[in-house]
Amino acid sequence: MQDDIQSEELGRRRDVDLGHPGMNPMDSFDPDMPCRVRDGLNDQIIEWSPQWASMYREHASKWDEGVISWDGLLLDGWAPIVPSHPCGH
């Protein structure tokens, strides 16, 4: 059932784009670096922890062009974490 829901959602997404605009493609993702990743299934941004790198390497699989299935998520882009200025500017 979960696979059917994910397939339907991905089918809708495929008509629009592969990957998420403004984010880097998953083929350049480094799981050892802190960053933000986008879960296209739930349309949410997740702060990536390098502590998950070994689990990612072991269990991640290509779901579709530009999309990685991992831990119930469909990751379709990543972005570096930009440090904020200490003054808040």
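In what follows, the accompanying structure is described. (Residues numbered from 1 in each chain as written. Predicted model: local features only at pLDDT ≥ 70, side-chain atom pairs only at ≥ 80, totals over all residues. Heavy atoms only, no water.)

**What to know about the overall build of the protein**
Of regular secondary structure, the protein possesses 2 helices and 5 strands. Traced from its N-terminal end to its C-terminal end, the protein shows the element sequence α-β-β-α-β-β-β. Counting over 89 residues, the protein shows a buried share of 36%. Long-range pairs, those at least 24 residues apart, make up 54% of the contacts in the protein with a sequence separation of at least 6. Surface accessibility of the protein: about 5900 Å² in total, with carbon and sulfur atoms responsible for 52%. (Helix = DSSP H or I, 4+ residues; strand = E, 2+ residues; numbered from the N terminus. Buried < 20%, exposed > 50% of the residue type's maximum accessible area, 1.4 Å probe, protein only. Contact = heavy atoms within 4.5 Å. Areas by Shrake-Rupley, 256 points an atom, 1.4 Å probe, with all protein chains shown as cover.)

**With respect to the environment of tryptophan 48**
Mapped onto the elements, tryptophan 48 comes out in strand S2 (residues 44-48). Residue classification places tryptophan 48 among the buried residues on the basis of a relative accessible area of 3%. Not counting chain neighbours up to four residues away, the residues in contact with tryptophan 48 comprise Phe29, Pro31, Met33, Pro34, Cys35, Arg36, Val37, Ala53, Tyr56 and Trp70. Of the polar contacts made by the side chain of tryptophan 48, one reaches the backbone oxygen of proline 31; its length is 2.8 Å. (Polar contact = N/O pair within 3.5 Å; in protein donor to acceptor, adjacent residues only side chain to side chain.)

**Observations concerning the side chain of aspartate 76**
Its location among the elements puts aspartate 76 in strand S5 (residues 73-80). A relative accessible area of 1% places aspartate 76 in the buried class. Within the structure, aspartate 76 has its side chain in polar contact with the side chain of arginine 38 (distance 2.5 Å).

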